[in-house]
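Structural overview
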Amino acid sequence: MKFVDEYRNSKEAELFAGAIAKTVTRPWTLMEICGGQTHSIAKYSLQDLLPANITLLHGPGCPVCVTPVEQIDKAIHIAGLANVIFCSFGDMLRVPGSDKDLLAVKSQGGDIRIVYSPMDALKIAIDNPEKEVVFFAIGFETTAPANAMAIFKTKADNIKNLSFLVSQVIVPPAICSILESPKNRVQGFLAAGHVCTIMGYREYEPISKKHNIPIVVTGFEPLDILQGIFMCVKQLEAGRAEVENQYSRSVLKEGNLSAQKIIQEVFHIIPRQWRGIGKIEQSGLGLKDAYASFDAENRFPCKLQSQERSTECISGLVLQGIKKPNDCPAFGKSCTPESPLGATMVSTEGACAAYYRYQLIQS
Ligand code: SF4
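Residues numbered from 1 in each chain as written. Predicted model: local features only at pLDDT ≥ 70, side-chain atom pairs only at ≥ 80, totals over all residues. Heavy atoms only, no water.

The subject of this paragraph is a nonpolar patch on the surface. On the surface, a cluster of nonpolar side chains totalling about 230 Å² of accessible area is made up of Met119, Met149 and Phe152. Its place among the elements puts Met119 in helix H7 (residues 118–127). (Patch = residues over 30% accessible without salt bridge, like charges linked within 9 Å, V, L, I, M, F, W, Y side chains within 5 Å. Areas by Shrake-Rupley, 256 points an atom, 1.4 Å probe, with all protein chains shown as cover. Salt bridge = Lys/Arg side-chain N within 4 Å of Asp/Glu carboxyl O. Helix = DSSP H or I, 4+ residues; strand = E, 2+ residues; numbered from the N terminus.)

Residue placement: Glu32 occurs in strand S1 (residues 28–34). Distance from Glu32 to Gly188, taken between C-alpha atoms, is 8.8 Å for residues 156 residues apart in sequence. With residues up to four places along the chain from it excluded, the contact list for Glu32 reads Gln37, Thr38, Ile41, Leu56, Leu57, His58, Gly59 and Leu190. A polar contact of 2.5 Å, which involves the side chain of Glu32, links it to the side chain of His58. (Contact = heavy atoms within 4.5 Å. Polar contact = N/O pair within 3.5 Å; in protein donor to acceptor, adjacent residues only side chain to side chain.)

This next bit is on the sheet that holds strand S7 (residues 188–192). In space, the five strands of this open sheet follow the order S2-S1-S7-S8-S9, with parallel pairing throughout. The open sheet has two free edges, formed respectively by strand S2 (54–61) and strand S9 (243–245), since each of these has just one partner strand. Adjacent strand axes in the sheet meet at a mean angle of 25 degrees, parallel and antiparallel pairs treated alike. Bridge count for S1 against S7 is three bridges, and the pairing is parallel. Counterpart to Leu30 in the pairing with S7 is Gly188. (Pairing = 2+ DSSP bridges. Axes fitted to C-alpha atoms, helices over the stretch in contact; angles between N-to-C directions.)

Moving on, we come to the site of the ligand. Close to the ligand lie Cys313, Ile314, Ser315, Cys328, Ala330, Phe331, Cys335, Leu341, Gly342, Thr344, Met345 and Cys352. A per-class count over the shell around the ligand returns nine nonpolar, three polar and no charged. (Near = heavy atom within 4 Å. Nonpolar A, V, L, I, M, F, W, Y, C, P; charged D, E, K, R; others polar.)

As structure tokens, this is what we get:
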């Protein structure tokens, strides 16, 4: 496929792997932020191409994985109400809540619709004026512009029967949280190319400077990732700590200004809970007061006692790079994609699902 195959060329991959091997003189531990990158690493066995002294850890950049159990429980509660059509991306349906998931609500008669865009929810609301329609607005900076646009349009078009259960998070505070943990092992980051396509990468420069750590904005194809690792390792070996852009075919330093404008119109920065990790200050997006009437949490208030169902699941440690999926005793035994105990085994971007699917049994 044009514009894809050239980034999957095995000979080029071997050249990058050879260049990395020649450059490395000591062990380095890197983290790829995004679950899409984790899946490429697993799918193309990229760790096997690297010298043994390069360790890759998998970061928290999977929106399905980090959506807190409290928000899943609220979704389950709202989706079970009479007169509600609940709209969600498909991979949220199997994420475990405190005692069930959205798929169970659907099987019990809840009107849950899988959509591919928040604009689909807008159309459903227009087509069903007698129903309350709720869209589960989750994700990182990548989904924020489309979600913000849908919320903006809902208000502008005076659509009264659509609201949004928001669970938006942003990457830079999560990087800071990982770096400030006493258990941190990460010495260099591969930042998520698609996030930086929206936000640019200026906001990573103070983080790199403060923590003296290389951050390389990196794409998702195998050659992108190998080049990102090479750039990161070159910095580490040279004692440099800068933000560099491997994914220049998509990312500008200033990002997409139109997308940022609509995000800023609708959302403001708030603290957010990250599943398995806990509260990270200033790490989320919440609706501004002008859009509060479209907040499903205001429209359907509920008090729920949320708790994790599985005591075995260590997905919080996996998402922080402290453990790998196959360190979990439940991996591949009591926890599989057919019967997931944690969100990282559910999502197509989850590290546990990637390890299971591509049979990465060794760390
Ligand atoms: S294998 Fe399952 S139980 Fe273990 S960390 Fe991953 S999702 Fe949690």
